[in-house]
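The primary structure of each chain is shown beneath.
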Amino acid sequence: MTGADVSPYDALLLVSFGGPEKPEDVVPFLENVTRGRGIPRERLEQVGEHYYLFGGRSPINDQNREFIAAVRADLDAAGIDLPIYWGNRNWDPYLADTLEQMAKDGITRAACFVTSAYSSYSSCRQYRENLFDATAAVAERGVEAPRLDKLRHYFNHPGFVEANVDAVLAALADLPDDVRDGARLIFVTHSIPTSMNDASGDPEAGGGAYVRQHLDVAGVVTDRVAAATGVRHEHELVFCSRSGAPHIPWLEPDVNDRLEELVEAGETPAVVVVPVGFVSDHMEVIYDLDTEAKETAEKLGLPFRRAATAGVDPRFVATVCELLLERAALE
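1. Looking at the packing of helix α6 (residues 158-173) against helix α13 (residues 314-330)
Direction vectors running N to C along α6 and α13 enclose 170°, while the axes themselves pass 7 Å from each other. In terms of orientation, α6 and α13 fall into the roughly antiparallel class. The residues of α13 that touch α6, namely those facing G159, F160, E162, A163 and D166, are R315, F316 and T319. Residue composition of the contact of α6 with α13, grouped by class: 3 nonpolar, 2 polar and 3 charged.

See below:
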């Protein structure tokens, strides 16, 4: 089978955050994540306890391996014979090592799919800086890295949206009949400093793209759920995983605080928590939501269901190929 033309690209690079794969990796990994922020080791060890609850292993690397296998199968089905590489920001396989291997393999230009769907410094520009720094590091080793082109944001791509819609429908269906129709949809993403949100996106458009994009997809998902069920659920955006100094404003409300407020107001019989800010069930999902937020809801007596992330949903997997073809057509 002859596939679509993806020239000038001769490789696809998956770029992700990375995570520890054994207990002794945890603190060194957190040191990589927080380097330059002056966070004391004692605090890192406290955060590390989250990982130790799950055997000292983040699920993110295994999820990336599964995702790469699914993308490989999707590209093969489309007749696209393009090698797939993988590099992380904060743990092995590191970006610089991957770029060096790509260069040795003769790769000259690669399209980069980043496992973050939205605009902000940490979810977009920092990855661009990481790619630049990795290219420079490879040059210091005497190797010319391939040219790298980042594929566009995909928060509103149908493949990502449709996967989230079906996940919400499944979570709603799992609620008891007497609370299902009144359930509130709580869309959750990673908190960032408010200044970072203000600076995200096009400055001429007033910034704020990070929150605006999340609200956009939350609204679309809610509309699609209403069309499928005949019930319009109240919905809102909340945040998790704040990690900054207390005196620096971060996006709020925290998911746990908001659950408490909703129960106190007495108008929410149940919630479906939708981790729309994440593409797979990594640590912020399995600890912040499946552990902390679930425990908060149980303490409050609030029926709670967590919608699945896009993960390896075939529609989300196919998004990679579609973005690749879209970008190749522009070159």
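2. Some thoughts on the packing of aromatic side chains
Each aromatic ring pair is described using two quantities: the centre-to-centre distance and the angle formed by the ring planes. As enumerated under the stated definition, the model contains 13 aromatic pairs in all. On the numbers, 5.9 Å between centres and 75° between planes, the contact of F29 with Y51 is edge-to-face. Pair noted here: F29 is in helix α1 (residues 26-34) and Y51 is in helix α2 (residues 41-52), with a separation of 22 residues, a long-range link. Note on F29: relative accessible area 1%, which makes it buried. Between the aromatic rings of Y154 and F316, the centroid separation amounts to 5.8 Å while the plane-to-plane angle is 45°, which identifies the pairing as tilted. Of the two residues, Y154 sits in the loop between β4 (147-150) and α6 while F316 sits in helix α13, which places them 162 residues apart along the sequence. Through a chain of ring-to-ring contacts, three or more aromatic side chains come together here, namely F17, F29, Y51, W91 and Y94. Here R89 stacks its cationic end above the ring of Y127, 3.7 Å away from the centre of that ring.

3. Observations concerning α1
Of all 9 residues that make up α1, 7 are buried, and the element is covered over most of its length. Lining the buried residues of α1 we find α2. Positive backbone phi, at 90°, marks G36, one or two positions downstream of α1.

Thresholds applied
Residues numbered from 1 in each chain as written. Predicted model: local features only at pLDDT ≥ 70, side-chain atom pairs only at ≥ 80, totals over all residues. Heavy atoms only, no water. Axes fitted to C-alpha atoms, helices over the stretch in contact; angles between N-to-C directions. Helix = DSSP H or I, 4+ residues; strand = E, 2+ residues; numbered from the N terminus. Parallel < 35°, antiparallel > 145°, perpendicular 65-115°, else oblique. Contact = heavy atoms within 4.5 Å. Nonpolar A, V, L, I, M, F, W, Y, C, P; charged D, E, K, R; others polar. Phe/Tyr/Trp six-rings, centres within 6.5 Å; stacked < 30°, edge-to-face > 60°. Buried < 20%, exposed > 50% of the residue type's maximum accessible area, 1.4 Å probe, protein only. Lys NZ or Arg CZ within 6 Å of the ring centre and 35° of its normal.

Remember, this is a structural readout, not a statement about activity or role.
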